[in-house]
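Spelled out from the first residue to the last, the chains are:
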Amino acid sequence: MAEEIEHWLALNMLPGIGASRCQKLLRHFGSPQAILEADLNELQHVSGIGEYTAKQIVKFRDKLDIEKEISKIEKQKVSIVTFSDDNYPSNLKSIFDPPIVLYVKGKLLPEDRIAIAMVGTRRPTTYGKMVAEMLSKELGKKEITVVSGLARGIDTCAHKGSLSCGGRTVAVLGCGIDICYPPENRALFDEIGERGAVVSEFSMGTRPEKTNFPVRNRVISGLSLGVVIVEAGSRSGALITAECALEQGREVFAVPGNIFNLETKGTHSLIKQGAKLVEKCDDIIEEISCLREVVPASPAIMSAAEVKLSQEEEKVYNLLSFEPIHIDFISKESGLPINRISTVLMNLEMKGRIKEVAGKMFLRVPEAQ
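Residues numbered from 1 in each chain as written. Predicted model: local features only at pLDDT ≥ 70, side-chain atom pairs only at ≥ 80, totals over all residues. Heavy atoms only, no water.

All right, on to the packing of helix α11 (residues 212-222) against helix α12 (residues 238-247) then. As a packed pair, α11 and α12 sit with axes 8 Å apart at the nearest point and diverge in direction by 50°. When the interaxial angle is binned, α11 and α12 end up oblique. Handedness of the α11/α12 crossing: right-handed. Of the residues in α12, those touching α11 at P214, N217, R218, I220 and S221 are I240, T241, C244 and A245. Partitioning the contact of α11 with α12 into residue classes produces 5 nonpolar, 3 polar and 1 charged. (Axes fitted to C-alpha atoms, helices over the stretch in contact; angles between N-to-C directions. Helix = DSSP H or I, 4+ residues; strand = E, 2+ residues; numbered from the N terminus. Parallel < 35°, antiparallel > 145°, perpendicular 65-115°, else oblique. Left-handed = near helix turned anticlockwise from the far one by under 90°. Contact = heavy atoms within 4.5 Å. Nonpolar A, V, L, I, M, F, W, Y, C, P; charged D, E, K, R; others polar.)

It is worth spelling out the sheet that holds strand β1 (residues 79-82) at this point. The 9 strands are arranged β1-β2-β6-β5-β4-β3-β7-β8-β9 in an open sheet whose pairing can be described as mixed. Both outer strands of the open sheet, β1 and β9 (276-277), are each paired with one neighbouring strand and no more. Where strand β8 (residues 251-255) meets β9, 2 bridges bridge the pair, whose relative direction is parallel. What sits directly across from F253, in β9, is K276. Helix-sheet contacts for α11 involve β3 (115-120), β4 (145-148), β5 (169-172) and β7 (226-230), and the interaxial angle to β5 is about 160°. (Pairing = 2+ DSSP bridges.)

Viewed as axis vectors pointing N to C, helix α16 (residues 311-319) and helix α17 (residues 327-334) meet at an angle of 120°, and their least axial separation amounts to 10 Å. Taken together, the axes of α16 and α17 are oblique relative to one another. The handedness of the crossing between α16 and α17 comes out as right-handed. Residues K315, V316 and L319 of α16 lie in contact with α17, whose contacting residues are I330, E333 and S334. Here the contact of α16 with α17 is composed, by residue class, of 3 nonpolar, 1 polar and 2 charged.

Let us look at the environment of T53. With respect to the element layout, T53 can be found in helix α5 (residues 50-60). Sequence separation between T53 and G16 is 37 residues, and the spatial gap between their C-alpha atoms is 7.8 Å. Residues within four places of T53 in sequence aside, it is in contact with I17 and R21. In terms of polar contacts, T53 uses its side chain to reach the backbone carbonyl oxygen of I49, at 3.3 Å. (Polar contact = N/O pair within 3.5 Å; in protein donor to acceptor, adjacent residues only side chain to side chain.)

Moving on, we get to the pairing of β4. Burial along β4 is two-sided: T145 and V147 facing one way and V146 and S148 facing the other are all buried. Sheet analysis places β3 next to β4, joined by 3 bridges and oriented parallel. Residue pairing in the sheet places A115 in a bridge with T145 of β4. At this point the chain moves from β3, through helix α8 (residues 126-141), to the parallel β4, and the crossover so formed is right-handed. Of the pairings in the sheet, the one linking β4 to β5 comprises 3 bridges and is parallel in character. Its bridge partner lying in β5, V147 is registered against V170. (Buried < 20%, exposed > 50% of the residue type's maximum accessible area, 1.4 Å probe, protein only. Right-handed = clockwise from strand over helix to strand, strands pointing away.)

Turning our eyes to something else, we now look at the sheet that holds strand β12 (residues 361-364). Within the open sheet, the 3 strands sit side by side as β10-β12-β11. Their pairing is antiparallel. On the outer flanks of this sheet lie β10 (325-326) and β11 (354-357), each paired with one strand and no other. Pairing geometry for β10 and β12, over 2 bridges, is antiparallel. Pairing of H326 across the sheet is with M361, part of β12. Sitting on the sheet, helix α18 (residues 338-350) is in contact with β11 and β12, with an inclination near 115° to β11.

On to α5, then. Of the positions making up α5, those classed as buried are T53, A54, Q56 and I57. Angular distribution of buried residues about the axis of α5 spans 155°; they occupy a single face of the element. Buried residues in α5 make contact with α2 (18-29) and α4 (40-44). (Arc of directions from axis to C-beta.)

This paragraph deals with the side chain of E313. When you line up the elements, E313 lands in helix α16. Polar contacts involving the side chain of E313 include one to the main-chain amide nitrogen of S310, which spans 2.9 Å. Once residues within four sequence positions are removed from consideration, E313 is found in contact with K308, V344, N347, L348 and K351.

Residue Y181 is joined to P182 through a cis peptide bond whose omega torsion reads 0°. Along the chain, P182 falls in the loop between β5 and α10 (186-195). Phi angles above zero are rare outside glycine, and E143 is one such case at about 65°. Under the relative-accessibility criterion, E143 is labelled exposed at 61%. Of note in the backbone geometry, E231 takes a positive phi value of approximately 55° without being a glycine. Mapped onto the elements, E231 comes out in the loop between β7 and α12. For E231, a relative accessible area of 3% translates into the label buried.

This is the structure in structure tokens:
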């Protein structure tokens, strides 16, 4: 690995410095190597650094095991993108405190500049999951990269929705890129690495500590043109992403939900404060001028609603709503026996009108916009 990259890695690994101070040091000294070679007096007289930070740099810079870091990077087949590289994401480069190093699995492409972030609660309702998957799928179909944080809940749905239609998605981690968190998302982690990009600014082996996630959130919004919040409580970490987006001059969108659900208090608060209410993908595109210029026109295809239903299918479909209903209830209300209901439900699912969820529960699928 090039010596210059080793200097970038070393600067990024210094404990307690942070991206903002790194940027100040880079503006003053011009390169990571110059920072790492500067004496205490030179460091502490840089505006915004001070004596304590300068002493931290001097104390730890010779204790870093760069060879071990590089060995892990090569073993994991990770790419390194530094702030000085031409392929550093242009959206992210424009924020106040961009990471100086990105660890990447997969590839960051120039077209990822056309990106929308989607985040929300780790405990979504069925409605929240459906909305996240629907919106991310529509974004993917329009060749808009979906950015999220690989967390449980809405983040997972956002990534899956984009991948399901062949779209691109980028996952930003709050830990080292050699750690999959949450662990149950390993298959999704690997798929994103193959078909999109997994990104982290944290050095190899960094555990998913609570303090890392607010830091991670500014990267999610920074990579994007706007952020969509789907179901977020009043203390949700997704609201930190919304705050980062506003500070970075990004658009903030929020999906309305059930007023009795505590996990929508945050999203409704955002709407009251001026966030754009989102019901469909076009609500996002209409708000961001550059998206209107580059997003391809939707192809003319038959919607699920235009697919003809039999009399039995129509009867059963009209019993369903966007909240899950058990097969026994459907059978009772329709007057059809279970064996017949199972066939009708299977046909409706094949026609894209309904979806089965856990426990033999069924619900309507929102129409694509």
